[in-house]
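# Structural overview
Each chain, written out:
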Amino acid sequence: MKSKGIVYLVGAGPGDAGLLTVRGAELLARADVVVYDALVNKELLRRTNPGTELIYAGKRSSDHVIPQDKLNELLVAKAKEGKVVVRLKGGDPYVFGRGGEEAEQLFAAKVAFEVVPGISSSIAALTYAGIPITHRDHGSSFTVITGHEDPDKDEPNIDWAEVAKAPGTKVVLMGVTRTKEIADTLMKHGMAPKTPVAMVRWGTTGRQESIEGTLDTIAAVVEKTGFKPPALTVIGDVVKLRGKLNWFEKRPLFGQRIVVTRTRDQASKLSQELLERGAEVLEIPTIKLVPPTDAQDLADAMLELNSYDWIIFTSPNGVKTFFQYFFKAFDDLRDIGGVRIAAVGPATALKLKELHLRVDLMPDEYVAAQIVKAFEKFESLDNLRILILRAEVANEELPKELEALGAIVDDIACYKTVPETDDITGAVERFNEAGADWITFTSASTVDNFHARFDLPQLLKKYPDLKLASIGPETSKALVWLGLKPSVEAKEHTIDGLVRAVENAVK
Ligand code: SAH
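Here the focus is the domain arrangement of the chain. Per the domain assignment, the segments of the chain are domain 1 (6-119), domain 2 (123-249), domain 3 (257-286 + 420-506) and domain 4 (295-417). The gap between the C-alpha centroids of domain 2 and domain 3 is 36 Å.

Assignment of secondary structure puts V393 in the loop between β16 (385-391) and α14 (397-404). V393 sits 95 residues away from L298 along the chain, and the two C-alpha atoms are 15 Å apart.

Our focus in this paragraph is the sheet that holds strand β20 (residues 488-489). The strand order across the open sheet formed by five strands is β12-β11-β18-β19-β20, and the pairing between neighbours is parallel. Every interior strand has two partners, whereas the edge strands, β12 (280-283) and β20, have only one. Here strand β11 (residues 257-260) runs beside strand β18 (residues 438-441); their pairing, made up of three bridges, is parallel. By the bridge assignment for β18, I258 is matched with W438. Lying over the sheet, helix α19 (residues 495-506) contacts β11, β18, β19 (467-470) and β20, oriented at roughly 155° with respect to β18.

For the rest of this paragraph, the subject is the packing of aromatic side chains. A complete count under the given rule lists 20 aromatic pairs for this structure. Ring centres of F248 and F254 lie 5.5 Å apart, and the angle between their planes is 70°; this geometry places the pair in the edge-to-face category. On the basis of an interplanar angle of 45° and a centroid distance of 6.5 Å, the ring pair of F431 and Y463 is categorised as tilted. Placement of the pair is F431 in helix α15 (residues 427-434) and Y463 in the loop between α17 (456-462) and β19, with a sequence separation of 32 residues. Comparing F431 with Y463, the two get one shared label, buried. Grouping aromatic residues by their ring pairs yields a cluster made of F313, F322, F323, F326, F327 and F330.

Attention now moves to the packing of helix α11 (residues 316-329) against helix α12 (residues 346-354). Running from N to C, α11 and α12 cross one another at 30°; their axes reach a closest spacing of 7 Å. It follows from the interaxial angle that α11 and α12 lie roughly parallel. Residues P316, V319, K320 and F323 of α11 form the contact with α12, whose own contacting residues are A347, T348, K351 and L352. Counted by class, the contact of α11 with α12 contains five nonpolar, one polar and two charged residues.

The side-chain alternation of strand β14 (residues 310-313) yields two buried faces, one formed by W310 and I312 and the other by I311 and F313. Two strands pair when backbone bridges link them, and β14 and strand β15 (residues 340-343) are joined in this way by four bridges, in the parallel orientation. Each residue of the ladder has a partner; that of W310, found in β15, is R340. Traced from β14 through α11 to β15, the parallel crossover comes out right-handed. Looking at chain direction, β14 and β16 are connected through four bridges and run parallel. Residue I311 lies in a different strand from β16, and its bridge partner there is L387.

Looking now at the pattern of salt bridges. One pass over the full model with this rule turns up 33 salt bridges. Between R87 and E102 there is a salt bridge, and its shortest N-O distance comes to 2.8 Å. Residue R87 is located in strand β4 (residues 84-89), and its partner E102 is located in helix α3 (residues 99-108); the two are separated by 15 residues in the primary sequence. Residue R87 is classed as buried on the basis of its relative accessible area of 1%. One salt bridge in this structure joins R257 and E280, with 3.1 Å as the shortest N-O distance. Remark: E280 occurs in strand β12 and R257 occurs in strand β11; sequence separation between them is 23 residues.

The next thing to look at is α3. Note that an α-helix has 3.6 residues per turn; residues three or four places apart therefore point the same way. The set of residues buried in α3 consists of G99, E102, A103 and L106. The buried residues of α3 occupy one face: seen down the axis, they fall within an arc of 100°. Among the exposed residues of α3, those pointing more than 90 degrees away from its buried face are E104, F107 and A108. Those residues of α3 that are buried are in contact with β1 (6-11), α2 (68-80), β4 and β5 (113-116). Positive phi shows up at K110, right after α3, with a value of about 60°.

The subject of this paragraph is helix α13 (residues 368-378). Where α13 is concerned, the buried positions are A368, I371, V372, A374 and F375. Taken down its axis, α13 places every buried residue within 155° of arc, on the same side. With respect to the buried face of α13, the exposed residues turned more than 90 degrees away are K373 and K377.

One open sheet accounts for five strands, arranged β6-β7-β10-β8-β9; its pairing is mixed. Only two strands of the sheet have a single partner each, and these edge strands are β6 (142-146) and β9 (209-214). Pairwise comparison of adjacent strand axes, ignoring direction, gives a mean angle of 20° for this sheet. Where strand β8 (residues 196-201) meets strand β10 (residues 231-235), five bridges bridge the pair, whose relative direction is antiparallel. Counted as the bridge partner of M199 is T233 from β10.

Near the ligand lie 16 residues; those nearest to it are V95, S120, S121, G203 and A231. Contact between the ligand and D92: a nitrogen atom at 2.8 Å from a main-chain N or O atom of the residue. For the ligand, the protein covers 92% of the area, taking 540 Å² as the surface of the free molecule. Each residue belonging to the shell around the ligand can be placed in one class, and the counts come to 10 nonpolar, five polar and one charged. When we break the shell around the ligand down by domain, the ones giving at least three residues each are domain 1 (6-119) and domain 2 (123-249).

Parameters and conventions
- In this convention, every chain numbers its residues from 1, walking through the sequence in written order.
- Where totals are concerned, whole chains, interfaces and linings use all residues; where local detail is concerned, this predicted model gives features only for residues with pLDDT of at least 70, and gives and counts side-chain atom pairs only at 80 or more.
- Water and hydrogen atoms play no part in the side-chain values, which are based on all heavy atoms of the structure.
- The domain limits used here are those given by an automatic or database domain assignment.
- To qualify as a helix, a DSSP run of H or I must reach at least 4 residues; to qualify as a strand, a run of E must reach at least 2; elements of each kind are numbered from the N terminus.
- By definition, two strands form a pair when at least two bridges between them are found by DSSP.
- In this description, contact between two residues means that some pair of their heavy atoms is separated by no more than 4.5 Å.
- Between the N-to-C directions of two axes lies an angle of 0 to 180 degrees, each axis being a line fitted to C-alpha atoms and, for a helix, fitted only over the stretch in contact.
- A pair of aromatic rings is counted whenever rings of Phe, Tyr or Trp (Trp by its six-membered ring) have centres within 6.5 Å, and the orientation is called stacked for planes under 30 degrees apart, edge-to-face for over 60 and tilted otherwise.
- Accessible area is worked out with a 1.4 Å probe on protein chains only. A residue is then buried under 20% of its type maximum, exposed over 50%, and partly exposed in between.
- Each angle is binned into one of four classes, with values under 35 degrees roughly parallel, values over 145 roughly antiparallel, values of 65 to 115 roughly perpendicular, and all other values oblique.
- Polar here means any residue outside two lists: the nonpolar Ala, Val, Leu, Ile, Met, Phe, Trp, Tyr, Cys and Pro, and the charged Asp, Glu, Lys and Arg; Gly therefore counts as polar.
- Note on handedness: a crossover is taken as right-handed if, strands pointing away from the viewer, the path from the first strand over the helix to the second is clockwise.
- Criterion for a salt bridge: a side-chain nitrogen of Lys or Arg within 4 Å of a carboxyl oxygen of Asp or Glu.
- In this context, the arc is that of the directions from the helix axis out to the C-beta atoms.
- Distances are taken per atom, and a residue is near a molecule or strand as soon as one of its heavy atoms is within 4 Å of it.
- Under this definition, polar contacts are N or O atom pairs within 3.5 Å; protein pairs additionally need one hydrogen-donor-capable and one acceptor-capable atom, and for neighbouring residues in sequence, both atoms have to be side-chain atoms.
- Here the Shrake-Rupley method, with its probe set to 1.4 Å, supplies the accessible areas, and only the displayed protein chains count as covering residues.

Here it is, written out as structure tokens:
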């Protein structure tokens, strides 16, 4: 039976992915379609199922991606197809989010809808900047106003004289580009020029920035610091409490942008620990391994492993994928036979060691000439049968040079790497535009994979201040192998140890 379509207007919270409601999380997991705004933390989209259609609705001041009327039509159309649609909106859907208008349209189109409130930035961004929105001694009411920086909106019909007269805390959303006008107007209507003001940008996220001043100075502070939207402004005595209550910005890694290079499913503990300490975490997927185009050669080689004198592995992924096939064909490791094993690079050797296989030869450098030299030193290659197990479309030099010494070489692909292009969370986009303070590496293969996607030495040329954090000596070796040096190496080779190492370096 086809389910009945419905639209849920869901508040995504102010930015921190932890500030989504339980109900919101439940609905994201159930959605067929999610239509989300620019200020929504894209991390939340991971709560959806793989098949869920994700539609970006844009809307950051002037970069409207889908115009509001088209958006309403889209919600109606998807619901009428019988889909469960989550309309995910920043903060609370009804606090300056046009949620009311969207709900009215759904009502008019006779589409079922429900609304899930969210934590509004108008309260939470203050909290994370050390400002309680009310306080018995400093403001016992609050007013939330729109500063209308959205050029599409009509002229505001806000009675600023009334706003100036109102007691308590004032919070202005969408007003960054009009800070001076707003402050001047409030003073003109009688507010004291020395009234404390704070502005909070990207509140509740690792990117949070805040500035402080008074009504008569704040515009100059905005100018001087180049403060930009998305941000809100808090006006009132509660701002004074920041000195005591600014817990979030005092977290040890606050202000540090840190790349986590592990694969998705492994990343969470490290990311969590870093987030807890206030860092902005960018989880960056690197490459995806897919089966080789033609697996027949590999299948053939597998049946005559005994006929080879050497197997050469050139990467940890080669080891990993080869043994995945191997254990599908055989259930006993001894079926690999008496063949000798060469590993190019410490990460590859380590991977073999994990399988309790001894590495007979490990050339020091991943350069064909060096590898061949290492073999030559070991024994004559004349008439020896060599199986190279590596990625599809790899460097031709190695088999050629081995053949030149008389070896009979089979160069066989056990996997193909394709670039990971998925960037659901926007982490790669953010990394490309802003760089980072740290890249964390938790194994030699995370180094290799990250390098395959970003070319690490190149990256360090572009961002000379970028620091590399390594979980231990094997991982550091993989960096040294690329001609790089980690800024810190964890003393204890665990995730906790790594986090501690970064924390100590930042202190
Ligand atoms: N419905 C949203 C507000 C939408 S209007 C809510 O309840 O939070 C968009 C404005 O909200 C932005 O221009 C900015 O002024 C403010 N805003 C939203 N998220 C913010 C954040 N994380 N930090 C600071 N201001 C934010």
